[in-house]
Amino acid sequence: MAAQKNPARTPIGRGTPGPIGDSLSLHRTANGADVVVRRTRRRTTGVAAFWESGRAVIAVPARLTVQDEDYWVPHMLARLETTTRTRRGDRRRHAPAGDSALMDRSVQLSATYLGSRAVPASVRWVTNQNGRWGSATSGRRTIRISHHVQGMPEWVLDYVLLHELAHLIHPNHSVAFWAELAGYPHVARAKAFLEGAAFAAARNIADIDLDGEDVEDVEDGEDPGPS
């Protein structure tokens, strides 16, 4: 099947100007939600798409015409929904749901990054660890992962597992301990993610939309204007 070609880009500003402010588009999201077209004089170039209160918002320059809208709104909506689906998939793909899957993942990580030297006797999710992401008891070779890690990106979970697996080899945070994690490519990224999650939890920050994505598109050679 041949790939469908994208419609030609329409220059902004040729035709009948659309209304200033928010207006409902005739287009809808894939699940039938409203799409808002937001025209503002503060935005002089560029078109942006983002989620707001469950609705897709397409932010456009005031000079965007109704003719332009026929191209830009569905174009940006498609990009926004595609990007959102991709981000959700990246975070949730293959996340171990049960203790058995968690154990299998730990064995795989130990083989990949620790030469299979960390051999856990058990790895389980627990709900009684609110002050730390995971724990390891080297004498019993047991690992416990907080349920708060569930739903986090896979590379964050892998880091937490590797951290506890490394404690089965080195019970402290010595130089040798951190050397065990040196081969994992997302150490700094995962630590930053967990620090941010701890910061939000300590301040009771809830309902943060991690699934949204702000997508920008601009005329060739131009920077996006302020929204």
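Residues numbered from 1 in each chain as written. Predicted model: local features only at pLDDT ≥ 70, side-chain atom pairs only at ≥ 80, totals over all residues. Heavy atoms only, no water.

1. Some remarks on the side chain of Ser 106
Positionally, Ser 106 belongs in helix 2 (residues 99–113). Judged by its relative accessible area of 0%, Ser 106 falls in the buried class. Within the local environment of Ser 106, its side chain forms a polar contact with the backbone oxygen of Leu 102, the two atoms lying 2.9 Å apart. Dropping the residues within four chain positions of it, Ser 106 is found in contact with Pro 120, Val 123, Leu 161 and Leu 165. (Helix = DSSP H or I, 4+ residues; strand = E, 2+ residues; numbered from the N terminus. Buried < 20%, exposed > 50% of the residue type's maximum accessible area, 1.4 Å probe, protein only. Polar contact = N/O pair within 3.5 Å; in protein donor to acceptor, adjacent residues only side chain to side chain. Contact = heavy atoms within 4.5 Å.)

2. Section: the pairing of strand 6 (residues 134–137)
Pairing of strand 6 with strand 7 (residues 142–146) involves four bridges; the strand directions are antiparallel. Of the residues in strand 7, the one forming a bridge with Ala 136 is Ile 143. Taking the residues that link successive antiparallel strands as the turn, the strand 6-strand 7 hairpin has four residues, and the phi of Arg 141 there is positive, at about 60°. (Pairing = 2+ DSSP bridges.)

3. Focus: the environment of Val 126
Here Val 126 lies in strand 5 (residues 122–126). Ignoring sequence-local partners within four residues, the contact set of Val 126 consists of Arg 144, Ile 145, Ser 146 and His 147.

None of this, on its own, says anything about what the molecule does.
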